[in-house]
2 protein chains.
Amino acid sequence: MPSTGTPGVSRGYIVPVGGAEKKTAEMPILKRFVKIAGGGDARIVVIPTASELEDTGDRYVDLFEGLYVEAARSLPITTREHAMEDECVAAIEDATAVFLTGGNQLRLSTILGGSPVAKAIRRRNADGMHVGGTSAGAAILPEHMIAGGRSGHTPRVDGVVMAPGLGLTNRLLIDQHFRQRDRLGRLLTAVSFNPFAVGVGLDEDTAIFLGPDGSFEVVGSGAVTVVDPTGLTYSSMDSAAPKEPVSLIGLQLHLLAEGARYDVETRQAFAPDPSAQ
Amino acid sequence: MPSTGTPGVSRGYIVPVGGAEKKTAEMPILKRFVKIAGGGDARIVVIPTASELEDTGDRYVDLFEGLYVEAARSLPITTREHAMEDECVAAIEDATAVFLTGGNQLRLSTILGGSPVAKAIRRRNADGMHVGGTSAGAAILPEHMIAGGRSGHTPRVDGVVMAPGLGLTNRLLIDQHFRQRDRLGRLLTAVSFNPFAVGVGLDEDTAIFLGPDGSFEVVGSGAVTVVDPTGLTYSSMDSAAPKEPVSLIGLQLHLLAEGARYDVETRQAFAPDPSAQ
């Protein structure tokens, strides 16, 4: 469950990105992230823990500095001990936004899960700090994380591997590299395991900006696939054998491109506003 | 549009199969097809026109004979001239069911389209003769045929190739080898081009038996994916560029395994009846 936060203070944005966001001159997702983080006053902490490449953190620091933030720094946390250090927690206390890079989301959850750093991110997000993440860094954001699974568009009892995530929201399940890695089936499986949350599949170079009002806007060059199980009247997910097909009756499906919005509270989708373009 | 038929006479079943239906001892789809065709009184005409293999027709004749039908014969029509012959039309007039094999659906439509054989199939189906088809033979059955397209689950303006089909129903769009060839995107594209029809994606070894009451039951080892655009409130299919993502808001999605039913008239899906198993 998300941290409760201080009464009267708006939650920060939650910004999962489907991976492979553009990092050249036109980089609408990272630019929008810097904008909500405060623009020239933004202090961004990059956490490259998901990645095993040494330069991942510095690469994002360079990108954010190139967008004229006040400060960007990397916290290359590679062990649970490191995630307990006061200096790391202090960096998050001071930040206006945290960005989690791609890599392996189980590495993220294994190293950060339950640590003072994770707790600081949760508490500060509830108090207005924005948290973004790409690829594995997107997958980790909700309470229930999609850690792996089968490709293909068919749901299967053994189609998804789930694990506890960072818990910044418990209204969404998030999958990423969605179209590129053909992941509708595992998102359908995850959603139907317990149809209380909305499934969100993010194509590469595509993000949602989930605001404190509980609605999100799509930014980027791909689409966001929303699976809403509110109307699910029948599911055989509990009785199908691993290789058997599954029946699911009454799912709502939306495909949302840039500018489209979705209200997670009311579960309504909205077309892009033409006047905003 | 479907042929009108004789007043008071029930239409025949329409039985599209997703391809690769089982042809060994347990072959639930072909057995059910023989049953509706009259069992021991069934007279089945096989049309192997979609296939360029010489033995396709004879293979199905052997299968149907092995299920103890009264008669099974193949009409290996390979030219439009052949499709005009009285003898072919007479065979269809005498049949209780016609079965169209797999292969290339554009070959089927090119050779049979508008021919006396096609007209006889349409007229006789309206008057109670059952028509089944597998793979290409399934694709050809509706008014609007999915002839080709891109794989993947994402709809795209250039995602599908359509052509006129046999026109036995204009309430469904049919795609086949659905899960195996990852065809949700092209079905979504086809449905959203003109959201009046319901999209039906058939996995291999999976069929729908669409009865004269306008509802169908799922038979076979895979699933049927139903895309119902009734509630589509927004589509950017008309304005998106070929490589741009498309927004589609308000689609209904059902996954139906064996025994599940769908009423095409009311667009309601029904779980399998446990007492029927």
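Residues numbered from 1 in each chain as written. Chains lettered and ligands numbered in written order. Predicted model: local features only at pLDDT ≥ 70, side-chain atom pairs only at ≥ 80, totals over all residues. Heavy atoms only, no water.

As named in an unreviewed UniProt entry, chain A is Cyanophycinase, taken from Rubricoccus marinus. Its UniProt record gives chain A the following Function (unreviewed entry) comment, quoted word for word: "Exopeptidase that catalyzes the hydrolytic cleavage of multi-L-arginyl-poly-L-aspartic acid (cyanophycin; a water-insoluble reserve polymer) into aspartate-arginine dipeptides." UniProt annotates chain A under Catalytic activity (unreviewed entry) with the comment "[L-4-(L-arginin-2-N-yl)aspartate](n) + H2O = [L-4-(L-arginin-2-N-yl)aspartate](n-1) + L-4-(L-arginin-2-N-yl)aspartate". (UniProt positions renumbered as here; feature names shortened; annotations may be inferred.)

It is not clear to me how the interface of chain B and chain A should be interpreted in this structure. Could you clarify?
A common way to state how big an interface is: give the accessible area lost once the parts meet. On the side of chain A, 32 residues touch chain B, which itself brings 32 residues to the contact. Counting each side, the surface lost to burial between chain B and chain A is near 2,600 Å², with a carbon and sulfur contribution of 63%. Of all residues in chain B, His153, Leu253 and Leu255 of chain B bury the most surface against chain A, accounting for 25% of the area lost on that side. Applying the counting rule to chain B against chain A returns 0 salt bridges. The interface formed by chain B and chain A includes 10 residue pairs in polar contact (both at pLDDT 80 or more). No other element matches the 9 residues that strand 14 (residues 248-256) of chain B contributes to the side of chain B that touches chain A. By residue class, the composition of the side of chain B that touches chain A is 20 nonpolar, 8 polar and 4 charged. The pairing of strand 14 (residues 248-256) of chain A with strand 14 of chain B spans 5 bridges and is classified as antiparallel. The residue bridging Leu251 of chain A from the neighbouring strand is Leu253 of chain B, located in strand 14 of chain B. (Contact = heavy atoms within 4.5 Å. Buried area = accessible area lost by both parts, 1.4 Å probe. Salt bridge = Lys/Arg side-chain N within 4 Å of Asp/Glu carboxyl O. Polar contact = N/O pair within 3.5 Å; in protein donor to acceptor, adjacent residues only side chain to side chain. Helix = DSSP H or I, 4+ residues; strand = E, 2+ residues; numbered from the N terminus. Nonpolar A, V, L, I, M, F, W, Y, C, P; charged D, E, K, R; others polar. Pairing = 2+ DSSP bridges.)

Any chance you could explain the side chain of Asn170 of chain A here in plain terms?
With respect to the secondary-structure elements, Asn170 of chain A resides in the loop between strand 7 (160-164) and strand 8 (172-175). Since its relative accessible area comes to 11%, Asn170 of chain A is described here as buried. (Buried < 20%, exposed > 50% of the residue type's maximum accessible area, 1.4 Å probe, protein only.)

I would appreciate a short explanation of helix 5 (residues 116-126) of chain B in the present structure.
One turn of an α-helix holds 3.6 residues; hence residues three or four places apart share an orientation. All names here are of chain B. Within helix 5 the residues assigned to the buried category are Val117, Ala118, Ala120, Ile121, Arg124, Asn125 and Ala126. Where helix 5 is buried, its residues meet strand 1 (14-17), strand 2 (43-47), helix 3 (86-94), strand 4 (97-100), helix 4 (105-112) and strand 5 (130-134). Residue Gly128 follows helix 5 closely and has a positive phi angle near 115°.

Looking at this model, I keep getting lost on the relation of the copies chain B and chain A. Mind explaining?
The two chain copies are connected by a rotation around an axis plus a translation along it. Once chain B is rotated about the relating axis by 180° and shifted along it by 0.0 Å, it coincides with chain A to within an RMSD of 0.0 Å. The transformation just described matches what one would write down for a two-fold rotation axis. Ranked by how close their C-alpha atoms come to the rotation axis, the residues of chain B are headed by Gln252 of chain B, at 2.3 Å. Most of the interface of chain B is mirrored in chain A: 100% of its interface residues are interface residues there too. (Least-squares fit on C-alpha atoms with pLDDT ≥ 70 in both.)

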